[in-house]
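# An overview of the molecular structure
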Amino acid sequence: RRNAINLHAQIGQLQAFVWLNTQGFEKIVKKYDKFSGLRHTPQAKAPDFEARLRGEVFKSERLDACLERFKMARVVDSETPHHLEMKLVSGSANKPLAEEIAARLGVPLSPAKVRRFNDGEVNIQLCDSVRGANVYILQPTCPPVNDHLVELLLLVSAARRASAATVTAVVPYYGYARQDRKDRSRVPISAADVARMMEAMGVDRVVCVDLHCAQIQGFFGPRTPVDNLFAAPIAVTYFNMKDLVKPVVVSPDAGGVARAKAFMEGFGRLPDPPQVSLAVILKQRAEAGVVGTMHLVGSVEGCDCVIVDDMIDTAGTLTAAANELRAFGARRVFAFATHGLFSGPAADRIEQCVLEECVVANTVPLAAAVREKTRKIRQVSVGKLVEGAIRGIQCGTSVSALFTQDMAADLLS
């Protein structure tokens, strides 16, 4: 067993080495292209270099050999008391985030085959034993939502049927969260229905990042605790490095005032806090996804504004709010949203509007097509945040410190 533990630690160290070096070399080559004026030209070095990194440079035979030796040496002595083993399993929704979390934890991702039959059905197989282990399934339900939701449910089912001790669903982006109440006749409460499906599959615990509405936690029963982590402290630290002039935090609608207020209070907990004020844009929708009229409550003249929301879908509300703030005299306009979906014309709208920068978390992978259309989008990582939550759950320690602004400087990657 000692040999198996040492091999497991070595695999985690090698995987962390692979991830860190891959990220570092990608940034170096991108900086080279930028300062050489090669970015977005046929002579750019980054695309070819990234392709090589994916397939050649750090995919060492030593790591593969350690994995095989670990599988052969892994012996679990049921008569000797020991801590339950941690297993990290990732679906296909956000592999880069899963690899980052695994590297930060120093625990290798357990291999899982996620394939499709010819008719589109999802085919799942866990390739490593999870018997008696604490299994953490990393799978946001981002677009295509239905496919990734089914993947998550089947991964939970596979772990349960393989006799896992506990199954924790780590869902950085919780799909169907916008349908959290019955606001008109003959409609489902889809957020609650997704919660019931996850419970029916056997989830013991759920970890999310910035749920659309906090009451979604109540859709799960008392036997399935939900940890709703907040990405705002990371963004507050990021924007504090921007040297904002008379910063104003703006809520794009009345429903987001509490979120914007918490974001504003985050600046007050910084070591040298700036004076930050709050403004609200009141909007009236003509129909779903279409904004009618907008009115501003507060003063933004000569100020740097940060629009705060939980997600960006088609960016209609965001870009209209940014243009409205500029019309009212705002000096610069930034935006932060935890989940960047960027559906349909979102990238084009962001590129054409007055936004200086749009910051999102990496809970949803940023599509290559979106990157090509606009350079205004910047991603910050929630890897440290989620890693801290998983570590706390595994070790039986409190994760409440992750809900405060005090950890913000340490969580910004």
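To be clear, the structure that these remarks concern was listed above.
In this report, we go over the structure that sits alongside the text. This is a predicted model, so every value here is computed, not measured. Counting from 1, residues in each chain are numbered in the order their sequence is written. Restriction of local features to residues with pLDDT of at least 70 applies here, the model being predicted, together with a cutoff of 80 or more for giving and counting side-chain atom pairs; totals for whole chains, interfaces and linings are based on all residues. Just so you know, side-chain values use all the structure's heavy atoms and leave hydrogens and water out.

A run of DSSP states H or I qualifies as a helix once it reaches four residues; a run of E qualifies as a strand once it reaches two. Both are numbered from the N-terminal end. Broken down by element type, the protein carries 13 helices and 14 strands. When each of the 413 residues of the protein is scored for burial, the buried share is 48%. The contacts of the protein with a sequence gap of at least 6 include a subset with a gap of at least 24, amounting to 67%. For the protein, the computed accessible surface area is about 20500 Å², with 52% contributed by carbon and sulfur atoms. Burial classes follow relative accessibility: with a 1.4 Å probe on protein chains only, a residue under 20% of its type's maximum area counts as buried, one over 50% as exposed, and anything between as partly exposed. Throughout, a residue-residue contact means that at least one pair of heavy atoms, one from each residue, lies within 4.5 Å. Here the open area of atoms and residues is found with the Shrake-Rupley method and a 1.4 Å probe, where only the protein chains shown may cover a residue.

Looking now at the pairing of strand 14 (residues 377-380). Remember that side chains alternate between the two faces of the sheet whenever the strand is regular. Paired strands, as defined in this entry, are two strands with at least two bridges between them according to DSSP. Where strand 13 (residues 357-361) meets strand 14, four bridges bridge the pair, whose relative direction is parallel. Looking at strand 14, one finds that Cys-358 is bridged to Ile-377.

Side chains that are three or four residues apart share a direction in an α-helix, a result of its 3.6 residues per turn. The terminal C-alpha atoms of helix 5 (residues 145-161) lie 24 Å apart, and with 17 residues this matches the ideal 24 Å at 1.5 Å per residue to within 8%. Immediately downstream of helix 5, the backbone of Ser-163 shows phi near 70 degrees, a positive value. Here the expected span of a helix is defined as 1.5 Å times the quantity of residues minus one.

For the rest of this paragraph, the subject is the pattern of salt bridges. In what follows, salt bridge is the name for a side-chain nitrogen of Lys or Arg lying within 4 Å of a carboxyl oxygen of Asp or Glu. Applying the stated criterion to the full structure yields 15 salt bridges. Across the pair Glu-151 and Arg-116 runs a salt bridge whose closest N-O atoms are separated by 2.8 Å. Linking Glu-151 in helix 5 with Arg-116 in strand 2 (residues 112-116), this pair joins segments that are 35 residues apart in sequence. Owing to a relative accessible area of 38%, Arg-116 belongs among the partly exposed residues under this scheme. Of the charged contacts, one joins Lys-261 and Glu-265 as a salt bridge, the two residues approaching to 2.6 Å between their closest N and O atoms. Separated by four residues within a single helix, Lys-261 and Glu-265 lie in helix 8 (residues 257-268), roughly one turn from each other. Of the residues examined, Lys-261 reaches a relative accessible area of 40% and is grouped as partly exposed. Glu-265 gets classed as partly exposed once you look at its relative accessible area, which sits at 33%.

All right, on to the nonpolar core then. Nonpolar cores were defined as sets of buried Ala, Val, Leu, Ile, Met, Phe, Trp, Tyr and Cys residues, with membership established by side-chain atoms within 4.5 Å. Core analysis: the largest hydrophobic core is formed by 45 residues, its most contacted members being Phe-239, Phe-263 and Ile-390. Tallying contributions element by element places helix 7 (residues 232-240) first for this core, with six residues. Ignoring anything within four residues of it in the chain, the contact list for Ile-390 reads Met-86, Ile-101, Leu-105, Tyr-136, Leu-138 and Val-170. Grouped together as the second largest cluster of nonpolar side chains are 31 residues, Val-333, Ala-335, Leu-355 and Val-360 included.

Of all five residues making up strand 4 (residues 134-138), five are buried, and the element is well covered by its neighbours. Residues Asn-134, Tyr-136 and Leu-138 of strand 4 are buried on one face, and the alternating residues Val-135 and Ile-137, pointing to the opposite face, are buried as well. In this sheet, strand 4 lies alongside strand 1 (residues 86-90) in parallel orientation, the contact comprising five bridges. Across the sheet, Leu-88 pairs through a bridge with Tyr-136, a residue of strand 4. Bridging between strand 4 and strand 5 (residues 166-171) involves five bridges; their strand directions are parallel. Its bridge partner lying in strand 5, Leu-138 is registered against Val-170. With its strands directed away from the observer, a crossover is right-handed exactly when the path from the first strand over the helix to the second travels clockwise. Of the crossover connections in this fold, the one passing from strand 4 over helix 5 to the parallel strand 5 is right-handed.

Okay, the packing of helix 7 against helix 8 next. Fitted lines through C-alpha atoms give the axes, limited to the stretch in contact for helices. The angle between two N-to-C directions lies from 0 to 180 degrees. At a closest axis distance of 9 Å, the pairing of helix 7 and helix 8 adopts a crossing angle of 55 degrees. In this view, helix 7 runs oblique relative to helix 8, as classed from their interaxial angle. Note that helix 7 runs across helix 8; the crossing there is right-handed. Side by side, helix 7 and helix 8 meet where Ala-232, Ala-235, Val-236, Phe-239 and Asn-240 of the first sit next to Phe-263, Gly-266 and Phe-267 of the second. By the definition adopted for this analysis, an angle is roughly parallel if under 35 degrees, roughly antiparallel if over 145, roughly perpendicular if from 65 to 115, and oblique otherwise. The hand of a helix crossing depends on one turn: near helix anticlockwise from the far one by less than a right angle means left-handed, and clockwise means right-handed.

Here we take up helix 9 (residues 316-327). Its 12 residues give helix 9 an end-to-end C-alpha distance of 17 Å, which sits within 8% of 16 Å, the value for a rise of 1.5 Å per residue. Along helix 9, the positions that sit buried rather than exposed are Gly-316, Thr-317, Leu-318, Thr-319, Ala-321, Ala-322 and Leu-325. After helix 9 finishes, the residue Gly-329 shows a positive phi value of roughly 100 degrees.

Let's shift gears to unusual backbone geometry. Phi is mostly negative for residues that are not glycine, and the peptide bonds are mostly trans. That bond from Pro-143 to Pro-144 is cis: its omega, -5 degrees, falls within 30 degrees of zero. Within the element layout of this structure, Pro-144 appears in the loop between strand 4 and helix 5. Despite not being glycine, Ser-163 shows a phi value in the positive range, around 70 degrees. As for its position among the elements, Ser-163 is in the loop between helix 5 and strand 5.

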